[in-house]
Amino acid sequence: MKSPFQIGRAISIARKEVRHIVRDPFTLGLAIGLPFMMVLFFGYAIDFNVHDIDLTVYDQDHSRASRQLAETFQSSGYFNLHYKNLDPNLASTLDSQKARGALYIAPHFARDMEREGSATAQVLIDGSDNSTSGVIGGYLSGIQTAAIQRITGQTVSQPVSVVTRYLFNGELNSRWFTVPGLSVVVLAILGIMLTALTVAREWENGSMEMLLSTPVSPLEIIVGKLFPYLVMGFIGQLIIYLAARLLFGVPFEGSHLLLILGTLLFLAASMAQGLIISVTTRHQIAAIQFSQTLGQLPALMLSGFVFPIESMPVFFQYFTMIFPARWFMVIMRGLFLRGAGFTELVGPLLILLGMDIVFITMAVRLFKKDVEP
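Note that this is a predicted model, so its numbers are computed, not measured.

Novice: Which residues make up the packing of helix α11 (residues 256-281) against helix α15 (residues 342-366), and what are the values?
Specialist: Interhelical geometry of α11 versus α15 gives an angle of 25 degrees and a closest axis separation of 8 Å. Judged by the inter-axis angle, α11 sits roughly parallel to α15. Handedness of the crossing formed by α11 with α15: left-handed.

Quick look at the structure:
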């Protein structure tokens, strides 16, 4: 009968795992290089602000007013104008994907403006991508106001003036929003991937039989294997933090102690999930497949990174609660932009702590001490 848990034996397992990590350049590259490369690549690639929109202009008036209207679109900084002769089917330009929108200025546009004080121009938008078309539609109201002022030279007066202030991200910089969320996705994938292979590799290499012949218990094996990867994951988080602050200029308004605590709790939960996969599959290929399913997809789709959880159906709003990434997303975005304090984040922190206990307990219980699968 094996003796109760002893920290010394767990440290011995951790030392053994550290030696293996040092001799394995793939694991080191995965833990150190992957976070930096993913944040660098996707931080620049993912931008929810829509720019350089190709807009085809069909100007049938050729007047000073019509040119000023088109110039207002150009000077907004969002559109690239392409002038063409009138096409009988205005939607054909959008069908061929040559432009995201079309501006049609009817004949007598300037005359209607002078005589009636108003004129109509039509804008066609490609609605096949509803996220982009919604953003383009939001630009039009501001462009309309600017165009009226440019053409008439008069300021548009409104009986009611609504002044909008954007808190926490006054410039609406999408990278300030995406980079902290992207760090959650990277750490979720990294945490599960690092540990999903460790026990499976022991079984495939035949070293698990020798390990089981020693006095160590499953809990000591789990804790010993978890600790080195926890340190590596924290180094990955440090790299992500530095990239966010130095490369993307993302402000950090919260407490660094809460960031450290939240990171450790989230990494422990993600890596415990990887250990559950590893002790149940015993094969590295299967472990990789399961880790991608449980790590990558929930972190991208069900964490609030891409789709707001509040906009999901009620069932999926509750379903997201079983994934650690959903709670760490709240912590990261709250700390970086809003400067959230402990009282605001105590709920997500306690939930992550509970997940740590549940997942580690499951990994220990599912750990098979027999040689046969």
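Novice: Go over the sheet that holds strand β3 (residues 101-105) with me, naming the residues and quoting the values.
Specialist: Two pairing modes exist for strands in a sheet, parallel and antiparallel, and in both the strands are linked by backbone hydrogen bonds. The mixed open sheet is built from four strands, whose spatial order is β2-β1-β3-β4. Edge positions in the sheet fall to β2 (79-83) and β4 (121-125), since each of these pairs with one other strand and no more. Going across the sheet, the axis of each strand differs from the next one's by a mean of 25 degrees, ignoring polarity. Its contacts with the sheet put helix α3 (residues 64-75) on β1 (53-59), β2, β3 and β4, and the angle it makes with β2 is roughly 145 degrees.

Novice: Residues and numbers for the packing of aromatic side chains, please.
Specialist: The description of an aromatic ring pair rests on the distance of the ring centres and on the angle between the ring planes. As enumerated under the stated definition, the model contains eleven aromatic pairs in all. A ring pair is formed by phenylalanine 266 and phenylalanine 328, whose centres lie 4.5 Å apart and whose planes are at 10 degrees; its orientation type is stacked. Here phenylalanine 328 lies in helix α14 (residues 324-338) and phenylalanine 266 lies in helix α11, a separation of 62 residues in the sequence. Look at phenylalanine 315 and phenylalanine 316: their rings are 5.2 Å apart centre to centre, the planes differ by 80 degrees, and that puts the pair in the edge-to-face class. Counting every residue linked through ring pairs, the aromatic cluster contains Phe315, Phe316, Phe319 and Phe323. A cation over a ring is seen here: arginine 326 above tryptophan 327, with NZ or CZ 4.3 Å from the ring centre.

Novice: Go over the pairing of β2, please, and point to the residues and values.
Specialist: Of the pairings in the sheet, the one linking β1 to β2 comprises five bridges and is parallel in character. The partner of threonine 56 across the bridge, within β2, is histidine 82. Each parallel crossover has a hand, and for β1 linked through α3 to β2 it is right-handed.

Novice: Tell me about a nonpolar patch on the surface, and name the residues and values.
Specialist: On the surface, a nonpolar cluster with roughly 700 Å² of combined accessible area is contributed by Phe36, Met37, Tyr44, Leu238, Leu242, Leu246 and Leu247. Those elements that place two or more of their residues in the nonpolar patch are α2 (25-45) and α10 (218-247). No other element matches the four residues that α10 contributes to the nonpolar patch. With respect to the helices, strands and loops of the structure, leucine 238 is situated in helix α10.

Novice: Please provide a residue-by-residue account of the nonpolar core, values included.
Specialist: Looking at soluble globular proteins, one finds that nonpolar side chains tend to be buried together. In terms of nonpolar packing, the biggest core is built from 67 residues, with Phe266 and Phe336 touching the most fellow members. Here phenylalanine 266 is in contact with Val184, Leu187, Ala188, Pro324, Ala325, Phe328 and Leu352, once residues within four sequence places are set aside. Within the second largest apolar cluster, 20 residues are counted, among which are Leu55, Ala65, Ala70 and Ala147.

Basis of the calculations
- Residues numbered from 1 in each chain as written.
- Predicted model: local features only at pLDDT ≥ 70, side-chain atom pairs only at ≥ 80, totals over all residues.
- Heavy atoms only, no water.
- Axes fitted to C-alpha atoms, helices over the stretch in contact; angles between N-to-C directions.
- Helix = DSSP H or I, 4+ residues; strand = E, 2+ residues; numbered from the N terminus.
- Parallel < 35°, antiparallel > 145°, perpendicular 65-115°, else oblique.
- Left-handed = near helix turned anticlockwise from the far one by under 90°.
- Pairing = 2+ DSSP bridges.
- Contact = heavy atoms within 4.5 Å.
- Phe/Tyr/Trp six-rings, centres within 6.5 Å; stacked < 30°, edge-to-face > 60°.
- Lys NZ or Arg CZ within 6 Å of the ring centre and 35° of its normal.
- Right-handed = clockwise from strand over helix to strand, strands pointing away.
- Patch = residues over 30% accessible without salt bridge, like charges linked within 9 Å, V, L, I, M, F, W, Y side chains within 5 Å.
- Areas by Shrake-Rupley, 256 points an atom, 1.4 Å probe, with all protein chains shown as cover.
- Salt bridge = Lys/Arg side-chain N within 4 Å of Asp/Glu carboxyl O.
- Core = buried A, V, L, I, M, F, W, Y, C linked by side-chain atoms within 4.5 Å.
- Buried < 20%, exposed > 50% of the residue type's maximum accessible area, 1.4 Å probe, protein only.

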